[in-house]
Structure formats: C-alpha cells, structure tokens
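The primary structure of each chain is shown beneath.
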Amino acid sequence: MNDIKLLFEPRSIAVVGASKDPKKIGHTFIKNILASGYAGKLYPINPAGGDVLGLQAYPDINAIDGAVDMVCTTIPARFVYDSVKACADRGVKYNVIITSGFSEIGDIATERKIADYAASRGMRVVGPNVFGVYSAEARMDATFGPGGIMPGSVAIVTQSGALGLAMIGKSKVENIGLSAIVSIGNKCDIDEADLLEYLTDQERTRVILMYIEGIKDGDRFIEAVKKATKKKPVVVIKSGRSERGAVAAASHTGSLAGSDEIIDAILRQNGVIRADTIQQAFDWCKYLGNSPAPTGDQAVIITNGGGIGVMATDACEKYDIELYDDGKKLKEMFSPVTPSFGSTKNPIDITGGAAGAEYNSALSVALDAKEIGASIALYCETSTFLAADLEKVLEQNHNSYELKKKPLLFAIVGGEDIENAIVKLGRKNVPVFGDVDEAVACLGKLYWYHRYLRYHSELYEDAAVPVAAITEICTNAIKQDRYFLLAHEAQKIMDLVGIPVPKSYIARNLDEAITCAEKCGYPVVMKVVSRDIIHKSDAGGVALDLEDRNEVIDAYQAIMQSCRAYKHDAKIEGVEIAEMLKKEVETIIGARRDQTFGPVIMFGLGGIYVEVMKDVAFRALPLSRREILNMIKETRSYPLLLGVRGEEQKDIDAVIAVIIKLGALISKCPAISDIEINPLMVYEQNKGAKAVDVRILLAKDERSTT
Ligand code: COA
C-alpha cells in the first residue's frame with residue numbers, strides 16, 4: 001500500500017491535460033503548482049508536446065524518465081480510463097482525477113473499471129470529480145482554485161468540490177491559514193479515513209475540518225476519527241439526511257433512529273464537534289486551532305453592561321460552561337477593580353464607565369486567579385472607551401493570556417467602529433466576535449473537546465452473554481419462518497442475560513389463563529400472543545389490572561374478539577398472563593445493529609408516547625459507564641429519574657445495568673437485529689428496574705445464525 005504521505009508530499013507531479021490555454025483547467029494546475037512554490041519535479045503532459053508556462057510538455061506518461069508520485073488528471077471523461085491504465089502501468093502512486101462525468105451522473109461502470117484497474121496495479125485514486133490537493137507542507141497548490149492559499153494549521157477535507165473551492169476563498173477572508181485542503185468527490189478509492197490517517201499525525205495540522213454528505217464505511221471512518229480526535233480537534237459539517245431512518249417500522253428504535261441522529265450521536269461520542277453552518281465551523285476551527293486548553297473547569301465573564309452579561313450567562317448554560325460562583329472569593333478578587341455600584345458576582349460588571357484601565361485590571365485579576373479556567377470579556381460600545389483604544393486593550397490582553405496559556409475571548413457590540421475593530425483584530429487572530437452567542441459557543445466547544453480528551457480512555461462496560469442458548473432460541477424461531485421472538489422467548493433471553501422481567505406465563509385457553517393468573521397473584525396483566533400482531537395495544541390485545549377470576553374471564557373474551565376484528569386471519573397462540581406492576585417511571589431501551597455503524601443503543605422516555613415525545617438519545621457500542629450516564633442525562637426526562645416534587649430518586653444504577661446487558665447482547669448475538677424494552681419500569685433507588693415488554697427482531701441474513 002502506498003504511503004498516504006506521498007499524496008500530500010509527492011516528490012514529483014505530472015499533469016495529464018496540461019494546456020497552453022489559460023482558460024483550461026489543466027493550465028491552471030500548472031500555474032497554481034508553480035505559483036505555490038512547489039520544489040519537486042513537475043511534468044506537463046499534452047499529446048501536442050511544446051511547452052506549458054515554460055515547462056517542456058511530454059506527449060504521455062511513458063515519455064517521462066523519472067518516477068512520478070502523483071498525477072493530476074484533467075482530460076475529458078472519455079479519455080480517462082486509458083490514461084489511468086497507462087499511469088498505473090507506469091507505477092504512479094496517486095492519481096487525482098479532476099474530471100467529472102462518472103458515478104455522479106450515473107456512469108458507475110467506468111468509475112468501477114478505473115478503480116479496479118488502479119487497484120490491480122497498486123495505484124491509489126482520489127476522486128473522480130475533485131478539485132485537487134493543496135498541501136502547505138509541500139508548498140503545493142495542485143488545485144484549480146483561485147490560488148494564493150494562506151499556509152496555516154487547519155486541514156480541510158471536503159466531499160463537495162465546489163464548497164471546498166468556496167472555503168478556500170473564505171479561509172482567506174477569515175484569515176485562516178490552511179495546512180491542507182483536499183476534496184474526495186466520488187470516493188471511488190480514497191475516502192475520509194485514508195486522509196485522516198495522514199492529517200492525524202501531521203504536526204502542521206492543528207485542527208481538521210470535514211464536510212461530509214454520506215459515510216460509506218462507518219466502522220473504518222469512526223476508527224480513523226477516534227484516532228484523530230485524540231490528537232487534535234475535528235470539526236464536521238455533515239449534511240444530507242438519509243431515507244433509511246424508518247426501516248424497521250416494527251421497532252420504535254428503528255423508526256426513531258434516523259441515520260442522522262445516529263451519526264450525530266456517534267460523532268459526538270468519538271470527540272467530533274459538529275457544526276451546522278460553514279461560519280460556525282470556521283469560527284470553531286480558528287479558535288480551537290489557536291487557543292490554549294482551559295486551565296480549570298470554571299470560567300468568568302467580565303462585562304461593562306448587565307444585559308449582555310445575562311445573555312452570556314444564558315449562553316454559558318447552553319454550551320455547558322460552568323461559571324465560577326464562589327461569591328466570597330469573587331468579591332475578594334474583583335472588588336478592588338470594580339466600582340461600588342458594579343457587581344462582583346459572576347458576570348463581573350465593571351459598569352458602563354469602564355475603559356481600557358478597568359478592563360486591563362479586571363482581566364489581569366482573572367488571568368492570575370487559579371480558580372478561573374477561562375475568561376469571556378464583553379463590551380457594549382460607550383463614549384468613554386474609544387474604538388482605537390479598545391483595539392489596543394483587546395490585543396494586549398489577548399497577548400498576556402496567550403503567554404500564560406489561558407483562554408480569553410471577546411464579544412463586542414456596537415456601531416461601525418466596533419465592526420471594523422472586529423475585522424482588524426480578527427486578522428491578527430485575536431478571538432473577537434460581534435455576537436455573544438458566537439463567542440461563548442467557541443469557548444463551549446473548547447471545554448467540550450478538552451473534557452472529551454479527559455474521559456475518552458475510560459474502560460468499556462461488558463456483560464456475560466450465553467450466546468449458544470440465545471442463538472438456539474433465535475434459530476428455532478427462524479425455522480418457523482419467524483423473524484421476531486414471541487414474548488416468552490424474549491423473556492427467556494432476558495433471564496439468560498440477567499435483566500429482570502415481571503413474573504409471567506403463557507396460557508393457551510381460558511382455563512389455563514385462570515390457573516396462570518392465580519399462580520402470578522392478582523392483579524395481573526393479560527396480553528395476546530400472536531405472530532401476526534406486533535402492536536398489541538393497537539389491536540386491543542392488552543388488558544391491565546385484572547383483580548380477580550371474573551375479570552380474567554371477561555378480559556380473555558374481549559381480547560380474542562378485538563384481535564379477530566383487528567386482523568381476522570391472525571393466528572392467535574394464546575395469552576400471556578403477567579404480574580401487574582406498580583406504575584413508576586417508564587423508560588425505553590433499544591438496541592439495534594446499524595448498517596453503517598454496527599451496534600447502537602438508545603435510551604429515552606418510554607411508554608406509549610415514545611414516538612410523540614421522541615425524547616431519546618443514542619450511542620454506538622461499546623460504552624463506558626460515564627458515557628452511559630451521559631446518554632441518560634441527555635434526555636429531557638432525566639429529571640424524572642432524579643425524582644420530581646419530593647419523590648425519591650429512581651434506581652439509575654439499575655437502568656445502567658440493563659443498558660450494559662442489552663449492549664452486550666446485541667454486540668455478541670448476530671442473530672438478533674433489534675431489541676427493545678418498552679417500558680423498562682424504573683423503581684426507587686435500590687429497588688431495581690423491570691423489563692415489562694420486550695420485543696426482539698431477528699436478522700434476516702441467514703449467515704448470522706450459523
Ligand atoms: N493526455 C494528455 N492530454 C490530453 C489527452 C490525453 N490523453 N487528451 C486530451 N488532452 C489534452 C487536450 O488536447 C487539451 O489540451 P490543449 O488545450 O492543448 O488541446 C487538454 O488535454 C484538455 O482537454 P480538453 O478536451 O480541452 O478538455 P477541457 O479542458 O475542456 O476539459 C476537464 C477537461 C477535465 C476540465 C472536463 O472534462 C471536466 O471534467 N470538467 C469538470 C471538472 C470539475 O468540475 N471537477 C470537479 C471539481 S470539484
């Protein structure tokens with residue numbers, strides 16, 4: 001396999017389709033490569049020969065004497081395959097195919113042929129349908145972009161070429177230097193994971209920005225991204241929502257798990273920062289690439305206005321930034337630098353009269369305080385503090401914070417002078433924003449990333465699973481042509497992995513139903529057992545709280561009648577009689593095998609309103625205990641587990657235990673595709689949780705059961 005380094009640092013480049021004509025893309029390649037100061041060998045290739053921008057053109061790849069590490073292909077689609085063949089035979093290492101007109105317009109066959117031939121000769125292909133590669137390390141602008149890319153520390157990997165070219169332009173305006181930019185286009189060979197491999201270890205790159213539309217090989221991508229985020233921040237703009245969401249309509253987990261939700265959860269879980277807009281992504285990359293790590297968990301806000309201070313406080317809550325709140329200490333620290341009519345409660349209000357000296361004093365107190373991990377300085381334009389002075393003060397403070405390696409950001413709001421100051425300071429890489437939310441978001445992402453670094457190496461949880469016994473249950477069901485398990489089979493599996501379920505029995509007729517109810521002890525629940533009825537409540541197949549023998553008889557008859565009416569040809573095997581549980585917090589836990597990312601788990605508010613409330617969180621397996629708890633905390637209904645209005649806290653440890661066991665079950669039993677417990681009734685602390693209803697779907701791929 002060729003070293004990926006040769007794509008970013010080739011010793012020689014040939015441009016197939018290099019032209020004298022300045023309007024041609026092949027001409028721009030030669031122009032950009034020369035202008036960027038590339039020091040390696042450069043060979044224009046054109047059948048007409050002659051020279052291109054002073055370089056001798058070769059009629060074909062075989063006319064070149066030395067080795068060629070990289071070829072940029074800029075000829076029409078119909079000639080590409082033959083050219084690729086010649087390059088591959090000639091021992092070229094990387095072929096960057098700029099040409100459009102392959103799988104993106106439906107010609108999958110030619111693209112496949114190109115990829116296969118290249119692979120057979122060990123040549124790697126970027127694209128087709130890409131704008132090329134820029135690498136600051138090699139001082140190589142092998143793109144047909146506008147030229148003049150500023151070298152720096154942000155690497156951009158983009159699936160969209162046009163957006164990539166636009167990002168080159170924007171990076172200049174935003175004063176963001178790039179270490180590399182590459183588009184991956186149709187990804188017939190090289191994909192994001194290959195590029196991450198290089199960028200992760202490349203010292204010049206401090207932040208990686210990726211624009212992704214679809215992920216083909218989820219496992220490999222996640223592996224690569226996980227390695228990258230351990231070393232540097234990765235910011236992803238992921239667009240495109242897939243249709244695949246509602247595949248398994250028979251399970252809530254399936255219908256709630258739109259692939260975007262899963263991707264979102266998995267990206268976060270692996271330390272990736274997801275941005276919604278290009279502006280956000282640029283702001284975050286610039287800030288994360290330049291800022292030191294927070295020196296402590298808590299931040300301080302220093303402001304000359306109360307309103308903007310409150311906005312920043314709200315934003316800190318939104319972006320999960322803790323504010324330092326030891327009132328006594330804050331007073332000690334800040335009262336010498338705050339007017340008596342100001343406030344030393346965080347936000348520190350140095351009041352509207354504050355000018356350079358006041359900001360300098362307050363910011364240096366925060367800089368020296370070991371309790372404070374980062375500072376946010378806010379300024380509303382006033383007549384006492386002129387913009388020219390403001391610029392100086394901001395820059396000076398930025399420099400002192402940088403020297404002592406403590407994060408500091410500014411949000412300044414006002415008229416034209418202030419807007420101009422933002423632009424000027426931005427060019428000097430001073431983190432100044434015209435909006436409080438934007439500034440706080442940057443710091444929030446910095447905190448989030450460093451928290452991730454602190455916790456990612458925790459141990460994964462696991463549980464014992466008797467795979468053989470479980471597979472046997474699944475195989476028996478499949479022999480009956482059933483790809484879901486009946487309630488008693490699912491309960492048996494719960495028993496095998498040690499997830500508590502309510503006492504329950506299967507009755508095939510009314511007499512048995514009565515005997516079973518007596519064995520359970522009243523009150524009981526009765527549910528229809530039928531392979532043809534999956535949503536039992538909808539079919540009128542469930543009766544709750546049956547107090548005695550007579551109620552059991554009535555319920556049995558009612559269930560039979562409504563189920564027949566719901567689906568007249570349904571084969572009804574009988575009813576399940578179970579102990580009636582005291583109602584407590586109803587949660588849902590689902591586990592399924594995602595086509596792209598493998599086993600994933602879902603936790604949320606359960607019961608019958610699952611689909612309406614959609615209060616669920618996802619994670620990819622395996623998981624650490626902290627990540628499981630984070631997933632639980634992410635749901636809006638988490639306070640229900642903590643107990644509301646004087647209720648006792650619920651048994652969160654029991655929920656964690658069920659998640660661990662269910663995770664182990666889906667990971668170790670390929671015969672199972674979906675498991676869902678809804679509700680998992682969660683009792684008070686130390687009283688456990690019970691899986692009231694368990695639904696298990698089997699994988700249709702027969703290989704998985706053998
Ligand atoms: N080997 C070497 N040179 C060849 C050749 C071959 N097999 N076949 C043709 N050429 C030469 C041509 O003679 C021409 O040179 P000339 O100007 O000296 O005559 C040059 O290669 C280019 O060929 P031409 O037919 O003029 O094509 P073009 O420049 O108009 O278009 C592409 C070529 C690749 C730019 C075009 O097909 C394309 O795909 N454009 C879209 C690119 C794009 O947007 N990519 C995605 C970006 S994100």
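Scroll up a little and you will see the structure.
We now turn to the structure provided with this report. (Residues numbered from 1 in each chain as written. Predicted model: local features only at pLDDT ≥ 70, side-chain atom pairs only at ≥ 80, totals over all residues. Heavy atoms only, no water.)

## Concerning the overall build of the protein chain
Let me state the cut-off plainly: A helix here means a DSSP run of H or I that spans at least four residues, while a strand means a run of E at least two residues long, and both kinds are numbered starting from the N terminus. Each residue gets one of three labels from its accessible area relative to the maximum for its type: buried under 20%, exposed over 50%, partly exposed in between, using a 1.4 Å probe on protein chains only. Should any heavy atoms of two residues lie within 4.5 Å, those residues are counted as being in contact. For accessible areas, the Shrake-Rupley method is used with a probe of radius 1.4 Å. Any residue's cover is judged against the shown protein chains and nothing else.
The number of helices and strands found in the protein chain is 24 helices and 30 strands. The principal-axis extent of the C-alpha atoms belonging to the protein chain is close to 95 × 80 × 40 Å. Residue burial in the protein chain is summarised as follows: out of 706 residues, 57% are buried. In the protein chain, the proportion of contacts linking residues at least 24 apart, taken out of those at least 6 apart, comes to 72%. Carbon and sulfur atoms make up 51% of the accessible area of the protein chain, which totals about 30000 Å².

## Some points on unusual backbone geometry
With an omega of 0 degrees, the peptide bond between Leu 621 and Pro 622 qualifies as cis. Within the secondary structure, Pro 622 is located in the loop between strand E27 (616-620) and helix H22 (625-634). Look at the link from Asn 678 to Pro 679: it is a cis peptide, with omega at 0 degrees. Along the polypeptide, Pro 679 turns up in strand E28 (residues 672-682). In this model, Thr 351 sits at a positive phi of 70 degrees, which is unusual for a non-glycine residue.

## Things to note about the nonpolar core
Cut-off, in case you're wondering: What makes a nonpolar core is a set of buried Ala, Val, Leu, Ile, Met, Phe, Trp, Tyr and Cys residues whose side-chain atoms join them at distances within 4.5 Å. Residue ranges assigned to the domains are those given by an automatic or database domain assignment.
In terms of nonpolar packing, the biggest core is built from 61 residues, with Leu 7, Phe 8, Met 70, Leu 195, Met 210 and Phe 221 touching the most fellow members. When we break this core down by domain, the ones giving at least three residues each are domain 1 (5-240) and domain 4 (585-705). Among residues more than four places away in sequence, those in contact with Phe 221 are Glu 192, Ala 193, Leu 196, Met 210, Ile 212, Ile 215 and Leu 267. Core analysis: the next-biggest nonpolar cluster, separate from the first, contains 51 residues, Ala 463, Met 494, Leu 623 and Ala 689 among them.

## Things to note about the packing of aromatic side chains
As a reminder of what qualifies: Here a Phe, Tyr or Trp ring, Trp counted by its six-membered ring, pairs with any other such ring whose centre lies within 6.5 Å, and the pair is stacked when the planes are under 30 degrees apart, edge-to-face when over 60, and tilted otherwise. The rule is short: NZ of Lys or CZ of Arg within 6 Å of the ring centre and within 35 degrees of the ring normal puts a charge over the ring.
Tallying each qualifying case throughout the model produces eight aromatic pairs. Look at Phe 8 and Tyr 198: their rings are 4.2 Å apart centre to centre, the planes differ by 0 degrees, and that puts the pair in the stacked class. One end of the pair, Phe 8, is in helix H1 (residues 5-8); the other, Tyr 198, is in helix H6 (residues 192-201), with 190 residues separating them in the sequence. Accessibility assignment for this pair places Phe 8 and Tyr 198 in one class, buried. Look at Tyr 81 and Tyr 117: their rings are 6.3 Å apart centre to centre, the planes differ by 85 degrees, and that puts the pair in the edge-to-face class. A residue pair is termed long-range when its members are at least 10 positions apart, and Tyr 81 in helix H3 (residues 77-89) and Tyr 117 in helix H4 (residues 108-120) qualify at 36 residues. Each member of the pair, Tyr 81 together with Tyr 117, is buried. Grouped by ring-pair contacts, the aromatic residues Tyr 359, Tyr 379 and Phe 385 constitute a single cluster. Note that Lys 170 overlies the ring of Phe 282, its terminal NZ or CZ placed 5.9 Å from the centroid.

## Looking at the pattern of salt bridges
Between side chains of opposite charge, a pair can form as their charged atoms come close. Convention followed: In the sections that follow, a salt bridge refers to a side-chain nitrogen of Lys or Arg positioned within 4 Å of a carboxyl oxygen of Asp or Glu.
One pass over the structure, following the stated rule, counts 42 salt bridges. Among the ionic pairs, Asp 217 bridges to Arg 220, the shortest N-O distance being 3.8 Å. According to the relative accessible area criterion, Asp 217 is partly exposed, its value standing at 36%. Judged by its relative accessible area of 35%, Arg 220 is partly exposed.

## Here we look at the site of the ligand
Note the threshold: Think of it this way: one heavy atom of a residue within 4 Å of a molecule or strand is enough to make that residue near it. Throughout this description, a polar contact denotes any pair of N or O atoms lying within 3.5 Å of each other; where both atoms belong to protein, one of them has to be capable of donating a hydrogen while the other can accept it, and for residues adjacent in sequence the pair is counted only when both atoms sit in side chains. As a working rule, the residues Ala, Val, Leu, Ile, Met, Phe, Trp, Tyr, Cys and Pro are called nonpolar, Asp, Glu, Lys and Arg charged, and the rest polar, with Gly in that last group.
Around the ligand there are 20 residues in total, and Ser 19, Lys 24, Asn 46, Ile 98 and Ser 100 lie nearest to it. One nitrogen or oxygen atom from the side chain of Ser 19 is found 2.7 Å from an oxygen atom belonging to the ligand. Asn 46 places a polar side-chain atom, nitrogen or oxygen, 2.8 Å from an oxygen atom of the ligand. In terms of residue class, the shell around the ligand is made up of 11 nonpolar, eight polar and one charged.

## Here's the deal with helix H2 (residues 25-35)
For H2, every residue scored as buried is listed here: Gly 26, His 27, Thr 28, Phe 29, Ile 30, Asn 32 and Ile 33. In the stretch just after H2, Gly 37 is the one whose phi turns positive, near 90 degrees.

## Considerations on the sheet that holds strand E9 (residues 140-143)
Stated formally: Only strands that DSSP links by at least two bridges are regarded as paired with each other. Fitting a line to C-alpha atoms yields each axis, with helices limited to the stretch in contact; the angle taken between N-to-C directions then spans 0 to 180 degrees.
In spatial order, the strands read E9-E8-E11-E10-E12-E13-E14; together these seven strands make up an open sheet with mixed pairing. Lying at the two open borders of the sheet, with one neighbouring strand each, are E9 and strand E14 (272-275). Put simply, the sheet's adjacent strands are angled 20 degrees from each other on average, direction ignored. For strand E13 (residues 234-238) and E14, the ladder comprises four bridges, and the chain directions are parallel. Note that in E14 the partner of Val 236 across the bridge is Arg 274. Running at roughly 170 degrees to E9, H2 makes contact with strand E8 (132-135) and E9 of the sheet.

## Structural notes on the pairing of strand E12 (residues 207-212)
Where a strand is regular, its side chains alternate between the two sheet faces. Where we set the bar: The handedness rule is simple: strands pointing away from the viewer, and a clockwise path from the first strand over the helix to the second, make the crossover right-handed.
Counting buried positions along E12 gives six out of six residues, so the element sits mostly inside the fold. Residue alternation in E12 divides its side chains into two sets, Val 207, Leu 209 and Tyr 211 and Ile 208, Met 210 and Ile 212, and both sets are buried. Across five bridges, the pairing between strand E10 (residues 151-158) and E12 is parallel. Bridge pairing in E12 places Val 154 opposite Val 207. Of the pairings in the sheet, the one linking E12 to E13 comprises five bridges and is parallel in character. In the strand pairing of E13, Ile 208 is matched with Val 234. At this point the chain moves from E12, through helix H7 (residues 218-231), to the parallel E13, and the crossover so formed is right-handed.

## Description of a negative patch on the surface
Selection rule: Residues enter patches when they are more than 30% accessible in relative terms and free of salt bridges; like-charged ones are connected within 9 Å and nonpolar ones (Val, Leu, Ile, Met, Phe, Trp, Tyr) within 5 Å. We treat Lys and Arg as the positive residues and Asp and Glu as the negative residues; His and chain ends play no part in the count. By convention, charge coordinates are those of NZ in Lys, CZ in Arg, CG in Asp, or CD in Glu.
Where like charges cluster on the molecular surface, the negative patch consists of Asp 545, Glu 547, Asp 548, Glu 551 and Asp 554. The topology assignment puts Asp 554 in helix H20 (residues 549-566).

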